[in-house]
Amino acid sequence: SSFSLYFRFDAVRRFVELHGDMPIRSIQKHHARELRDLLAKVPVTLTAEQRALSLKALVSRNLTGPLPTAQTLNKTMNLLSAVLSNADRDGHFDGMHWSNPFRLQLRLDDQAQESYEPFTLAELKKLIGSPVFAEGARPKRGRGETAKWAPLVGLFHGMRRGEVLQLLVSDVRQEGGSGLWFLDVKPDEQTRKRVKNSGSKRRVPLHPEIERLGFLRFVAERRQAFGGESSLWPGFEDRAKLASRSNNWAEWFHGYLAEHVVNADTKKFHSFRGTFKRFGEDAGAEPAIIKRIIGHALVGVSDKNYGRRKDESGRRDQGVSLARMAAEIERVSFGVDFSAVV
């Protein structure tokens, strides 16, 4: 069987482009090593025209820009290793002495091996001063207004990327009585929405700053144009393609961060969670409420059961009122001037 039979990822395409559609039983470590070493010389952010070029052509151009980190290259090799591991399970290497040629790991320094880190104040200022937020740039791969609003939703609410990008227009709701706006994070099989754990099912009050920036106006425009049950985000309307488009968008955003803010595998969209938690607690917000806002797993009996009231939809809340959480989220500040965001 040829490698193209397992074509699922861009890295596979790059391998076939470099070495041809060779039989998988013929792939050796020197083939994998050449791919890795060429990828290491190509900047993480490329134009559409550049992405269409071969690896060798890209390297010959001596392009400038942030290069992939060792951790990123290792992830690519791990992905390709998994492709051949699947082929091994399918019996393609039966009868031969075989070891996976893509098990090539670059050494990582201690910092690179750490989990995601929160953004610093200086990095947040660079992000808000970057083209998407300060100049109104809307890159095609950033999916229009998604490029602006999805990161802001992540930052102001400490939400996971998957939780943000799966939101529907109808998930931006207003509580009866209090009139408070919130994001309704909940699973739904029909619209392919998932949550990580029981604590992830939650109502997240909108941060006042994101309301001042015009988020509700954006939501109203999406509702008028596409209806309440459409995706909140341009480019994510086809729910069957939600996972792949989310991954492609994440790849774009990481490249955007590398170009305009910081090039580190520890600084990605997920870093907004730690950023929200750290800046929130530094501003005096109550840690237990912050934990509920960002959807940390509830582990104790008292956390899981006591004091949790059913809301109007019949779901149990987080054990505190939306108003109480809204009061705490209002305390979360980042020391950044958002007034120039466009």
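Just above, that's the structure.
Notes on the structure in this doc start here. These figures come from a predicted structure and were not determined experimentally. (Residues numbered from 1 in each chain as written. Predicted model: local features only at pLDDT ≥ 70, side-chain atom pairs only at ≥ 80, totals over all residues. Heavy atoms only, no water.)

### Thoughts on the overall build of the chain
On a plain count of helices and strands, the chain comes out with 16 helices and three strands. Going through the 342 residues of the chain one by one, you find that 47% of them count as buried. Long-range contacts, defined as pairs at least 24 residues apart, comprise 67% of the intrachain contacts of the chain with a sequence gap of at least 6. When the accessible surface of the chain is split by element, carbon and sulfur atoms take 48% of a total near 16600 Å². (Helix = DSSP H or I, 4+ residues; strand = E, 2+ residues; numbered from the N terminus. Buried < 20%, exposed > 50% of the residue type's maximum accessible area, 1.4 Å probe, protein only. Contact = heavy atoms within 4.5 Å. Areas by Shrake-Rupley, 256 points an atom, 1.4 Å probe, with all protein chains shown as cover.)

### Topic: the packing of aromatic side chains
Taken as a whole, this structure holds 18 aromatic pairs when the rule is applied. The interplanar angle of 70° and the centroid separation of 5.6 Å between the aromatic rings of Phe15 and Phe102 together place this pair among those described as edge-to-face. Of this pair, Phe15 sits in helix H1 (residues 10–19) while Phe102 sits in the loop between helix H5 (70–89) and helix H6 (121–128); the two residues are 87 residues apart in sequence, bridging distant segments of the chain. For Phe102, a relative accessible area of 0% translates into the label buried. Measuring from centroid to centroid gives 5.8 Å for Phe253 and Phe269, while their planes differ by 65°, and the two rings are edge-to-face. Here Phe253, found in helix H12 (residues 242–260), pairs with Phe269, found in the loop between H12 and helix H13 (271–282); they are 16 residues apart in sequence, far enough to count as distant. You'll find Phe253 and Phe269 in the same group, each marked buried. (Phe/Tyr/Trp six-rings, centres within 6.5 Å; stacked < 30°, edge-to-face > 60°.)

### Quick word on the sheet that holds strand S1 (residues 172–174)
Strands sit in the order S1-S2-S3 across an open sheet of three strands; the sheet is antiparallel. Two strands close off the open sheet at either side, each with one partner strand: S1 and strand S3 (202–205). Pairs of neighbouring strands in the sheet enclose a mean axial angle of 40°, with direction left out of account. (Pairing = 2+ DSSP bridges. Axes fitted to C-alpha atoms, helices over the stretch in contact; angles between N-to-C directions.)

### What about the packing of helix H14 (residues 287–294) against helix H16 (residues 322–329)?
Interaxial distance between H14 and H16 falls to 10 Å at its minimum, and their mutual angle equals 105°. Relative to H16, the element H14 is oriented roughly perpendicular. Contacts between H14 and H16 involve Ile289, Arg292 and Ile293 from the first element and Arg324, Met325, Glu328 and Ile329 from the second. Of the residues in the contact of H14 with H16, the class split is four nonpolar, no polar and three charged. (Parallel < 35°, antiparallel > 145°, perpendicular 65-115°, else oblique. Nonpolar A, V, L, I, M, F, W, Y, C, P; charged D, E, K, R; others polar.)

### Section: helix H2 (residues 29–39)
All of the buried residues along H2 are His31, Ala32, Leu35, Arg36, Leu38 and Leu39. Down the axis of H2, the buried side of the element spans an arc of 165°, and every buried residue falls inside it. Check the buried side of H2 and you find it contacts H1, helix H4 (55–60) and H5. (Arc of directions from axis to C-beta.)

### What to know about the environment of Ala82
Mapping Ala82 onto the fold places it in helix H5. The sequence separation of Ala82 and Asn100 amounts to 18 residues, and the corresponding C-alpha distance is 9.1 Å.

### Observations regarding the pattern of salt bridges
Within the structure shown, the criterion is met by 20 salt bridges. What you see here is one network of salt bridges that share partners, running through Asp171, Arg173, Asp184, Lys186 and Lys193. (Salt bridge = Lys/Arg side-chain N within 4 Å of Asp/Glu carboxyl O.)

### Observations concerning the nonpolar core
Membership of the largest hydrophobic core comes to 59 residues, with the highest contact counts inside it found for Leu152, Leu183, Phe215, Leu232, Trp233, Phe334 and Phe338. It is helix H8 (residues 146–157) that provides the largest number of residues to this core, a total of seven residues. Excluding anything up to four places from it in sequence, Leu152 contacts Ile128, Phe133, Ile210, Leu213 and Val341. One finds Met22, Met77, Val83 and Ala87 within the second-largest nonpolar core, a separate group that totals 26 residues. (Core = buried A, V, L, I, M, F, W, Y, C linked by side-chain atoms within 4.5 Å.)

### Some thoughts on the side chain of Ser85
Mapping Ser85 onto the fold places it in helix H5. Sequence-distant contacts of Ser85, that is, excluding residues within four places in its chain, are made with Asn100 and Arg103.

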